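Observations on the model geometry
Read off the chains here:
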Amino acid sequence: DTAVSQTPKYLVTQMGNDKSIKCEQNLGHDTMYWYKQDSKKFLKIMFSYNNKELIINETVPNRFSPKSPDKAHLNLHINSLELGDSAVYFCASSQGTALQYFGAGTRLSVL
Amino acid sequence: QKEVEQNSGPLSVPEGAIASLNCTYSDRGSQSFFWYRQYSGKSPELIMFIYSNGDKEDGRFTAQLNKASQYVSLLIRDSQPSDSATYLCAVKNYGGSQGNLIFGKGTKLSVKP
């Protein structure tokens, strides 16, 4: 039973399109995150949500918007995709002790 | 700007040897320190965390923290080929669930049979 699941696993799309990535956790954690891992494998936080409120918003383009319908879900919507958005996007969750558990990742390729 | 530095490697060790992975961080206020292992094409997996100065052992893994030197390390004893992966050091500057993890760029470890 997967603790943090994200869909889709792979996403190939054209520049300018809008796409969404979904994330769900069944751990009962109160904080969820989105990370971006670029081609050089550098993992950088994009957003986190705690109890449905955005508590960290790093300097990412406003084309990226996180949406959390409830504390078990944190989706990432991306408008007007650009070539530089190609990366692996990881969802993660944590509770209290700050031990973060990652989903399997979504590999986004923008053509 | 808060930074976490790691030698990118690759670090190559023979099977059975001790692998030593090092990490330095710039923010003296950092309180929590984590080591993640990431196999190629997979997600990061938490293997160790440490909050206090000194050593913390878990099986073949030992995390070492020296806050005065702003240095954290991971030792892997009796290295196995299955330990071959990229090891990510991460630092958090708040206690509890607040704050965010800042990752280093990772050290690639290769254990040769």
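Let us look at the structure shown here. Only a predicted model underlies this, so the values are computations on that prediction, with no experimental measurement involved.

**Examining the packing of aromatic side chains**
The description of two aromatic rings rests on the distance between their centres and on the angle between their planes. Evaluation of the coordinates by the stated rule reveals 11 aromatic pairs over all chains. Judged by centre distance (6.2 Å) and plane angle (85 degrees), the rings of A:Phe90 and A:Phe102 are edge-to-face. In this pair, A:Phe90 is assigned in strand β9 (residues 87–94) and A:Phe102 in strand β10 (residues 101–102), connecting sequence segments 12 residues apart. Ring geometry for B:Tyr36 against B:Phe103: centres 5.5 Å apart, planes inclined by 50 degrees, an arrangement best described as tilted. Residue B:Tyr36 is located in strand β4 (residues 32–38), and its partner B:Phe103 is located in strand β10 (residues 101–103); the two are separated by 67 residues in the primary sequence. Residue class for B:Tyr36 comes out buried when judged on its relative accessible area of 0%.

**Here we look at the nonpolar core**
Ranked by size, the top nonpolar core spans 23 residues in total, and within it B:Trp35, B:Val72, B:Leu74, B:Ile76 and B:Tyr87 carry the most contacts. Broken down by secondary-structure element, the contributors of at least two residues to this core are β3 (19–25), β4, β5 (45–50), β7 (61–66), β8 (71–76), β9 (85–92) and β11 (107–112) of chain B. Not counting chain neighbours up to four residues away, the residues in contact with B:Leu74 comprise B:Ala19, B:Ser20, B:Leu21, B:Trp35, B:Ile47, B:Met48, B:Phe61, B:Thr62, B:Ala63 and B:Tyr87. A:Cys23, A:Met32, A:Phe47 and A:Tyr49 belong to the second largest nonpolar core, which has 19 residues in total.

**Brief notes about the pairing of strand β1 (residues 4–7) of chain A**
Residues and elements named next belong to chain A. On β1, burial follows the alternation: Val4 and Gln6 on one face are buried, whereas Ser5 and Thr7 on the facing-out side are not. Relative to strand β3 (residues 19–25), β1 is paired through four bridges, and the arrangement is antiparallel. Its bridge partner being in β3, serine 5 is matched across the sheet by glutamate 24.

**Notes on the sheet that holds β3(A)**
In a beta sheet, neighbouring strands pair by backbone hydrogen bonds and run either parallel or antiparallel. All names here are of chain A. The four strands lie next to each other as β1-β3-β8-β7, forming an open sheet whose pairing is antiparallel. Each of the sheet's edge strands pairs with one partner strand only, and the pair in question is β1 and β7 (64–70). Between one strand and the next, the sheet's axes are offset by a mean angle of 20 degrees, whatever the strand orientation. Pairing of β3 with strand β8 (residues 73–78) involves four bridges; the strand directions are antiparallel. Counterpart to glutamate 24 in the pairing with β8 is histidine 73.

What counts and what doesn't
Residues numbered from 1 in each chain as written. Chains lettered and ligands numbered in written order. Predicted model: local features only at pLDDT ≥ 70, side-chain atom pairs only at ≥ 80, totals over all residues. Heavy atoms only, no water. Phe/Tyr/Trp six-rings, centres within 6.5 Å; stacked < 30°, edge-to-face > 60°. Helix = DSSP H or I, 4+ residues; strand = E, 2+ residues; numbered from the N terminus. Buried < 20%, exposed > 50% of the residue type's maximum accessible area, 1.4 Å probe, protein only. Core = buried A, V, L, I, M, F, W, Y, C linked by side-chain atoms within 4.5 Å. Contact = heavy atoms within 4.5 Å. Pairing = 2+ DSSP bridges. Axes fitted to C-alpha atoms, helices over the stretch in contact; angles between N-to-C directions.

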